[in-house]
Amino acid sequence: MSLLKQRHAVRMAQSRVQSARHAVAEPAQALLSRGERNPLTTVGLAAGAGFVLGKLNVHPLRVPGLGALLSGTAAEIVGQAVNLVAEFAQDSVDPS
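The rules we used
- Residue numbers restart at each chain and count upward from 1, following the sequence in its written direction.
- This being a predicted model, a pLDDT of at least 70 is required before a residue's local features are given, and a value of 80 or more before pairs of side-chain atoms are given or counted; all residues contribute to the totals for chains, interfaces and linings.
- Hydrogens are left out, water is left out, and the side-chain values use all remaining heavy atoms of the structure.
- Numbering goes from the N terminus for both helices and strands, where a helix is a DSSP run of H or I of at least four residues and a strand is a run of E of at least two.
- Burial classes follow relative accessibility: with a 1.4 Å probe on protein chains only, a residue under 20% of its type's maximum area counts as buried, one over 50% as exposed, and anything between as partly exposed.
- Under the convention used here, a 1.4 Å probe and the Shrake-Rupley method define accessible areas, while residue burial counts only the protein chains that appear.
- Detection works on a 1 Å grid of protein atoms alone, calling trapped sets that fit a 1.4 Å probe cavities and calling open sets with protein on both sides within 12 Å along at least five of seven lines pockets, with lining residues defined by an atom within 4 Å of a point.
- Grid points are joined across faces, edges and corners, and a volume is the space filled by probe spheres set on the points.
- Note that Gly is not counted as nonpolar here; it falls among the polar residues with everything else outside the nonpolar set of Ala, Val, Leu, Ile, Met, Phe, Trp, Tyr, Cys and Pro and the charged set of Asp, Glu, Lys and Arg.
- As a per-residue measure, pLDDT reflects the predictor's confidence and takes values from 0 up to 100.
- To estimate the expected span of a helix, count its residues, drop one, and scale the result by 1.5 Å.
- Working definition for bend: take the seven residues up to and ending at a residue and the seven starting at it, fit an axis to each, and measure the angle between the axes.
- The patch calculation keeps residues exceeding 30% relative accessible area without a salt bridge and links them within 9 Å when they carry like charges or within 5 Å when they are nonpolar (Val, Leu, Ile, Met, Phe, Trp, Tyr).
- Between Lys or Arg on one side and Asp or Glu on the other, a salt bridge is scored when a side-chain nitrogen of the former is within 4 Å of a carboxyl oxygen of the latter.

1. Regarding the overall build of the protein chain
The helix and strand inventory of the protein chain stands at 4 helices and 0 strands. Starting at the N terminus and ending at the C terminus, the protein chain contains elements arranged as α-α-α-α. When burial is assessed residue by residue, the protein chain has 0% of its 96 residues classed as buried. About 8,500 Å² of surface is accessible on the protein chain, with carbon and sulfur atoms providing 65% of the total.

2. Some details on the layout of surface pockets
By volume, the largest pocket is sized at about 720 Å³. If you trace the largest pocket, you find 18 residues lining it, with L32, G35, E36, T42 and L84 closest to the centre. Here the residues of the lining of the largest pocket are counted per class, giving 8 nonpolar, 6 polar and 4 charged.

3. Considering the confidence of the model for the protein chain
Summarising the model, the protein chain shows a mean pLDDT of 76, and 71% of its residues fall at 70 or more. Of all helices and strands in the protein chain, the one with the weakest mean pLDDT is helix α3 (residues 66-70) (62), whereas helix α1 (residues 3-37) scores best (87).

4. Side note on α1
Across its 35 residues, α1 extends 50 Å between first and last C-alpha, which sits within 8% of the 51 Å expected from 1.5 Å per residue. Bending of α1 peaks at approximately 30° at the position of A25, with proline P27 no more than four residues after it.

5. Here we look at a nonpolar patch on the surface
A surface patch of nonpolar side chains, amounting to about 230 Å² of accessible area, comprises V43, L84 and F88. Along the polypeptide, L84 turns up in helix α4 (residues 74-93). Classification of L84 by relative accessible area gives partly exposed; the value is 40%.

6. A word on helix α2 (residues 39-55)
For an α-helix the count is 3.6 residues per turn, leaving residues at separations of three or four pointing the same way. The end-to-end C-alpha distance of α2 is 24 Å, a good match for the 24 Å that 17 residues give at a rise of 1.5 Å each. Once α2 finishes, N57 follows within two positions and takes phi at roughly 60°, a positive value.

And the structure:
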């Protein structure tokens, strides 16, 4: 395969990735904004799902996507938790 063909293939792949990113961005932003508008509902759903999975004795790594979430380091998890607490505190202080 020539260098020009490889470059063309890479450019095409990059354009497909960019269009897929744009296609996913809008629903993801809508989901995130819904979670920001209703933080207690989001936390309640997460707690309820955890309770149900615990009662059904389902290993967390058996749930699709949860293994990747749990495979992060402890520092990343603590950082995300602190960020979440800071956002909740900021929302409760912000009068607007």
